[in-house]
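Each chain, written out:
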Amino acid sequence: ERYKWVLSLLPSLIDQDQTKRNFTVSLVRLALTKEEGEQLFAGLQLSTNPELREAGQRGFESLENQELNRLVLQMNALAADERKEAVARLEKNYSTSPLAISLTLERYQLDRIRSLSPSGVINGIYFLASTDSQAWTPQYKKSAEQLIYRLRATGTGPQTGEALNKLEKLVNSLNWPE
């Protein structure tokens, strides 16, 4: 029944309205398991129809972003094993991802940082400090500098201080031509 419903959505993937196409990709992603979605979107990428190829690419990106979002949120999980697993997977699979850096930095915005546990705070810092400098932008650098300043101003324990030192070293090494 699920497959029939997804099949009925396929014509909307080539609709002229970009919003409708994006919405349809999201509906398909919600209806299928990750593996089913990967298979469908991989097949669409092989289509001779350019709109279907684009939908396949968007669908794949959507699946990737879903996993990344989950891992970023999981750095603040209650269970230590879940937090450590998230950081390890982020470091292994997303250290060169600008999106991973952006999502992690967003967790430290003033309106969101209060929702982070002390472990969540340090886990994000460890991840950011382990990222590839090539994935950073000037805006990310500015956000990280503000984060470092705010955390140091509020006082940190030795472990957080050590992680901040590593992040600060990375941030200070970031330079772009004027």
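Below, the structure is looked at part by part. It should be emphasised that the depicted structure is a prediction, and the values quoted were computed from it without experimental measurement. (Residues numbered from 1 in each chain as written. Predicted model: local features only at pLDDT ≥ 70, side-chain atom pairs only at ≥ 80, totals over all residues. Heavy atoms only, no water.)

Moving on to the overall build of the protein chain. Within the protein chain, the secondary structure is distributed over 9 helices and 0 strands. Ordered by position from N to C terminus, the α and β elements of the protein chain give α-α-α-α-α-α-α-α-α. When its C-alpha atoms are laid out on the principal axes, the protein chain stretches across 55 × 45 × 30 Å. Looking at the protein chain as a whole, 40% of its 178 residues are labelled buried. Here the analysis covers contacts within the protein chain between residues at least 6 apart in sequence; of these, 62% occur between residues at least 24 apart. If you sum the accessible surface of the protein chain, you get close to 10500 Å²; carbon and sulfur atoms cover 53% of it. (Helix = DSSP H or I, 4+ residues; strand = E, 2+ residues; numbered from the N terminus. Buried < 20%, exposed > 50% of the residue type's maximum accessible area, 1.4 Å probe, protein only. Contact = heavy atoms within 4.5 Å. Areas by Shrake-Rupley, 256 points an atom, 1.4 Å probe, with all protein chains shown as cover.)

With respect to the helices, strands and loops of the structure, Ser12 is situated in the loop between helix H1 (2–9) and helix H2 (18–31). Those residues within four positions of Ser12 in sequence are excluded, and the remaining contacts are Lys20, Arg21 and Thr24.

Here we take up the side chain of Gln74. Counting through the fold element by element, Gln74 comes out in helix H4 (residues 50–74). Taking relative accessible area as the criterion, Gln74 reaches 14% and is therefore assigned buried. For Gln74, the side chain forms a polar contact with the side chain of Arg70, separated by 2.5 Å. Among residues more than four places away in sequence, those in contact with Gln74 are Glu82, Arg83 and Ala86. (Polar contact = N/O pair within 3.5 Å; in protein donor to acceptor, adjacent residues only side chain to side chain.)

Looking now at the nonpolar core. If you look at the biggest cluster of nonpolar residues, it comprises 33 residues, and the most contacted ones within it are Leu90, Leu105, Tyr108, Ile125, Leu128, Trp136 and Leu167. Mapped by element, the contributors of at least two residues to this core are H4, helix H5 (80–93), helix H6 (98–106), helix H7 (118–129), helix H8 (138–154) and helix H9 (158–173). Setting aside chain neighbours within four positions, we find Leu167 in contact with Ile125, Leu128, Ala129, Trp136, Leu147 and Ile148. In terms of nonpolar packing, the next biggest core, distinct from the first, is built from 12 residues, Val28, Phe41, Leu44 and Ala55 among them. (Core = buried A, V, L, I, M, F, W, Y, C linked by side-chain atoms within 4.5 Å.)

The subject of this paragraph is H6. Looking at H6, one finds that the buried residues are Ala100, Ile101, Ser102, Leu103, Thr104 and Leu105. Next to the buried residues of H6 lie H4, H7 and H8.

Attention now goes to the environment of Lys20. Looking at the element boundaries, Lys20 is found in helix H2. For the pair formed by Lys20 and Leu90, sequence separation is 70 residues and the distance between their alpha carbons is 32 Å. Lys20 has contacts with Ser12 and Asp15, leaving out every residue within four places of it along the chain.

Spatial relationships are all this shows, so hold off on functional conclusions.
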